[in-house]
Amino acid sequence: MKNKWILIVDDDEGLVSTFKGILEAEGYNVDVATTGRGALEKCEDTVFDLVILDFMLPDMRGDEVLRYLKKIHRGLKVLLITGYSTFKDSIDALSLGISEILLKPISPEELLRAAGEALS
Amino acid sequence: MKIYNKTLIIIGSTIFIFSSFLFLTSHFIILFGFQDLEERAVRRSVEQALRALSTSLEELDATNLDWASWDDTYNFIEDKNRDYIDSNLVDGTFINLRLNIILYYDSAGKLVFGKAFDHENCMEVSIPSSLLEHLTPNSLLLSHSEPWDGVKGLINLPEAPLLISSRPITRSDGSGPIRGFLIMGRYLNAEELRRLAEVTNLKLEIKGPEASMLPALLEADPEIMVQPLDDRLTVGYSLLRDIYGKPGLILTVTEHREIYAQGLRTVSFFIASSLATGLLVSIMILKLLDRMILSRLSHLSQEVENIEKLGDPSLRVQVSGEDEISSLAGRVNSMLERLELSQETIRRYSQSLEELVEEKTRELIRAERMAAAGEVSAMVAHDLKSPLQTIRNAVYTLRRRPEESESLLKLIDGAVEQAATILEDLHRDIKETRPGLEATDLGALIRRALEELHPPQSISTSLKLGEGLNQVPLDASRFRRVLDNLLKNSIEAMPNGGDLTVSADASGDEVIIRISDTGRGIPEEALDNLFKPFSTTKPGGLGLGLAYCKRTVEAHGGRITVDSRPGEGTTFTITIPRWRPSTIEPPQQP
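Residues numbered from 1 in each chain as written. Chains lettered and ligands numbered in written order. Predicted model: local features only at pLDDT ≥ 70, side-chain atom pairs only at ≥ 80, totals over all residues. Heavy atoms only, no water.

J.: Talk me through the packing of helix 1 (residues 3–68) of chain B against helix 6 (residues 190–200) of chain B; I want residue IDs and the actual numbers.
T.: All names here are of chain B. Contact pair helix 1 / helix 6: the axes reach a minimum separation of 10 Å and the direction vectors enclose 125°. Considered as vectors, helix 1 and helix 6 are oriented oblique to each other. The two elements helix 1 and helix 6 cross, and the hand of that crossing is right-handed. On helix 6, the residues touching Gln-48, Ala-49, Ala-52, Leu-53 and Ser-56 of helix 1 are Glu-192, Arg-195, Leu-196 and Thr-200. (Axes fitted to C-alpha atoms, helices over the stretch in contact; angles between N-to-C directions. Helix = DSSP H or I, 4+ residues; strand = E, 2+ residues; numbered from the N terminus. Parallel < 35°, antiparallel > 145°, perpendicular 65-115°, else oblique. Left-handed = near helix turned anticlockwise from the far one by under 90°. Contact = heavy atoms within 4.5 Å.)

The structure is reproduced here in structure tokens:
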């Protein structure tokens, strides 16, 4: 678990920094991006094991970022987080290659469990 | 044309045709009948004249026979005694017997004695030589072989036509031998004609055989012809043949056309009385028609017209009687009744429809309000979740690493502040339907929005700003959000790059802002609902952005429209007022 790399993508900086702290405390290597474009650039440089992706980004939509990410690394694990409660029902997570959709506000325990399951 | 006038025309033309027919038939049948009658009457007159003439000739012949079969005459031819002449052939004899000529021939055809007498001057005249030419030996007049032979007839002499009789001279008992021939002649002159006219009461004339109607008369059988002279007079002609059987003279009888005039009078009276009767009958028919049908029809028509003018189907027409017209009125009434019923039904339907529309409108308004409320709550819920997530994360970390409390509490404080701003915004959104308008430099606002957009490198942006944009009444923060929304949409519509063009211009009392991209465009079927909440075409998008834009622009007193062609690009156009009434005055014109 020590050598797993996780990328957190969300435009809220407070949220990103707190998630980073939580995951790092569990021994993950964590990088962050606040835009879709930033996320894609990071993925080109580094091979991440898991991407935690917010659906609403200022420059791109989550599914767009997801498509590019899957193009770069087909087997990449992705957790999608969103604030829209109706969103979970309207997206076919499996077909998009998403491990799980999580609704904000997520309990950190839940996030850790989901990350653990995705990476196992 | 009114039905009364039509009837008048029909009856008038019927009378006209009837009169014309009557005139023609009466003229041809009645008048021709009268003409025929007239001709027959004239023929009878001609025959009467011929009979009178014949009687005159018979008398002459009878006198001749009387004298020729007489012993005195028989002896006179032999002895030529003077006594016979003195006692018999005196002037008185000529006058009494209306004789003009007496000639005595012996059997050899030699004139023994002859005397001619002029009645007018009462004197003896010479025997006309033209007559003697007919009396040569063995001529027709001097060649009787039997005592009962004789010739009588007409000879046309240049002096005058002559009625002539020739008889053989015998003894009184009629026995022969024939000693000679006795010739008696009577001129058919004006005097004799006058006498014949008196006897027959006819107007008679004698014409020479050179008259123009001779050929026609020769054709006729019997040789009588009738020809009207004019409207007053008609003439009957008859051919008289001489003793040789040749056409000698033409006898004419002129008569007044009394029968024809009577015929004319009859026809005129007939036509006049028929016309008068026709006119009377027409007037009666018209009066009766008018009273029984026409006036009732026009009354009915007037009533229906009144009802139509008033547009009130509850009215009824009133026609008395028990016939087709009253039945028509009854049908009109029942139609009016049905019309009234159906109008009532339509009125009820339209009323219930109106109520239904009102109810549906109320429901729609309610639904719109609910949707708006839902839209706002969805936006707030979404926006609040990020700071909540931060707080939750911070609390989690704080529990595990209390030594980092200071920075974590600062994070929590920031998140609470963020949430408070969101709620404040919501509060303002809900409370203020009108934005807080302040004179804003719109050009600067747009420029800043573009600068902070950070579009990908594949997208080139351009900005065109006109004059007069520095004092536009705007709620700067809300309008900035509108611009951000539209600009973000344009960027998202061009994943493979393109051109983003923003322009703003003052035009009259309005400011027009255009945001154009060369992206994928919006499907036509999505255009109608584009500005409605939750109507996004983007997968995962909620479609709240454009609804917000529309609401905000309209709150500024403006409007937003879209023009999009799939595959070519989209242009959003915002038009807002340039001046805010009463608070921001337009700058003074130089």
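What follows picks up the thread again.
J.: Now, about the interface of chain B and chain A: what can you tell me, with residues and values included?
T.: Taken residue by residue, the interface counts 26 residues in chain B and 29 residues in chain A. Summing both partners gives a buried area of about 2,400 Å² for chain B against chain A, and 55% of it is carried by carbon and sulfur. Sorting the residues of chain B by area buried against chain A places Lys-385, Gln-389 and Tyr-396 of chain B first, and these three jointly supply 25% of that buried surface. At the junction of chain B and chain A, the tally comes to 6 residue pairs in polar contact (both at pLDDT 80 or more). Of all elements in the fold, only helix 9 (324–400), helix 10 (405–431) and helix 12 (476–492) of chain B reach the threshold of two or more residues within the side of chain B that touches chain A. The dominant element in the side of chain B that touches chain A, judged by the number of residues it contributes, is helix 9 of chain B, at 14 residues. (Buried area = accessible area lost by both parts, 1.4 Å probe. Polar contact = N/O pair within 3.5 Å; in protein donor to acceptor, adjacent residues only side chain to side chain.)

J.: For the pattern of salt bridges, give the residues involved together with the corresponding values.
T.: For the coordinates displayed, the defined rule picks out 32 salt bridges over all chains. Lys-42 of chain A is the partner of Asp-31 of chain A in a salt bridge, and the nearest nitrogen-oxygen pair spans 3.1 Å. Taken together, the positions of Asp-31 of chain A in strand 2 (residues 29–33) and Lys-42 of chain A in helix 2 (residues 36–45) put the pair 11 residues apart, joining distant regions of the chain. Where Glu-59 of chain B meets Arg-98 of chain B, a salt bridge forms, and the shortest distance between an N and an O atom there is 3.1 Å. Placement of Glu-59 of chain B in helix 1 and of Arg-98 of chain B in the loop between helix 4 (91–96) and strand 1 (101–106) is noted, with a sequence separation of 39 residues between them. (Salt bridge = Lys/Arg side-chain N within 4 Å of Asp/Glu carboxyl O.)

J.: Give me the lowdown on the nonpolar core, citing residues and values where you can.
T.: All names here are of chain B. Trp-67, Leu-89, Ile-102, Tyr-104 and Leu-182 are the most contacted members of the largest nonpolar core, which has 37 residues in total. Ranked by residue count, the leading element in this core is helix 1, at 9 residues. Once residues lying within four places of it in the same chain are set aside, the contact partners of Ile-102 are Trp-67, Leu-89, Phe-94, Phe-113, Gly-114, Lys-115, Leu-182, Ile-183 and Met-184. In terms of nonpolar packing, the next biggest core, distinct from the first, is built from 35 residues, Ile-491, Val-511, Leu-530 and Ile-560 among them. (Core = buried A, V, L, I, M, F, W, Y, C linked by side-chain atoms within 4.5 Å. Buried < 20%, exposed > 50% of the residue type's maximum accessible area, 1.4 Å probe, protein only.)

J.: How would you explain the environment of Gly-38 of chain A if you had to name every residue and give the values?
T.: Turning to its location among the elements, Gly-38 of chain A is positioned in helix 2. Separated by 21 residues in sequence, Gly-38 of chain A and Asp-59 of chain A have C-alpha atoms that sit 9.7 Å apart.

J.: Lay out the sheet that holds strand 2 of chain A in plain terms, naming residues and giving numbers.
T.: Residue and element names in this part refer to chain A. Taken in spatial order, the 5 strands line up as 2-1-3-4-5 in an open sheet, and their pairing is parallel. Bordering the open sheet on either side are strand 2 and strand 5 (100–103), each of which pairs with just one other strand. Across the sheet, the mean angle separating the axes of adjacent strands is 20° when strand polarity is ignored. As judged from the 4 bridges shared by strand 4 (residues 77–82) and strand 5, these two strands associate in the parallel manner. Of the residues in strand 5, the one forming a bridge with Thr-82 is Leu-103. Sheet strands touched by helix 6 (residues 108–119): strand 1 (5–9), strand 3 (50–54), strand 4 and strand 5. Its angle to strand 5, the strand with the most contacts, is close to 170°. (Pairing = 2+ DSSP bridges.)

J.: An account of the confidence of the model for chain B is requested, with residue identities and associated values reported.
T.: Low pLDDT means the predicted atomic positions in that stretch should not be read closely. A residue-level look at chain B finds 94% of positions with pLDDT of 70 or above and a mean pLDDT of 86. Note that residues 582–590 of chain B has pLDDT below 50 and, in this model, 7 contacts with residues that lie over four places away or in other chains. (pLDDT = per-residue confidence, 0-100.)

J.: Account for the pairing of strand 15 (residues 510–517) of chain B, naming residues and giving values.
T.: Residue and element names in this part refer to chain B. Among the 8 residues that make up strand 15, 6 are buried, leaving the element largely enclosed by the rest of the structure. Note: strand 14 (residues 498–507) against strand 15, 8 bridges, orientation antiparallel. The residue of strand 15 that forms the bridge with Ala-504 is Ile-513. Bridging between strand 15 and strand 17 (residues 569–577) involves 8 bridges; their strand directions are antiparallel. Its bridge partner being in strand 17, Ile-512 is matched across the sheet by Thr-575.

J.: Could you give an account of the sheet that holds strand 15 of chain B, naming the residues involved and the relevant values?
T.: Adjacent strands of a sheet pair through backbone hydrogen bonds, lying either parallel or antiparallel. Residues and elements named next belong to chain B. Overall, mixed pairing links the 5 strands, which are arranged 12-14-15-17-16 in an open sheet. Strands at the two margins of the open sheet, each flanked by one partner only, are strand 12 (459–465) and strand 16 (559–565). This sheet shows a mean twist of 10° between the axes of neighbouring strands, independent of strand direction. Bridging between strand 16 and strand 17 involves 7 bridges; their strand directions are antiparallel. Bridge assignment links Thr-561 to a residue of strand 17, and that residue is Thr-573.

J.: Which residues make up the environment of Leu-69 of chain A, and what are the values?
T.: All names here are of chain A. Mapped onto the secondary structure, Leu-69 falls in helix 3 (residues 62–72). Given a relative accessible area of 1%, Leu-69 falls into the buried group. When neighbours within four sequence positions are excluded, Leu-69 is seen to be in contact with Leu-40, Cys-43, Val-51 and Leu-76.

J.: Account for the domain arrangement of chain B, naming residues and giving values.
T.: According to the domain assignment, chain B contains domain 1 (3–258), domain 2 (308–431) and domain 3 (438–577). Each of domain 1 of chain B and domain 2 of chain B was reduced to a C-alpha centroid, and the two centroids are 132 Å apart. (Domains from an automatic or database assignment.)

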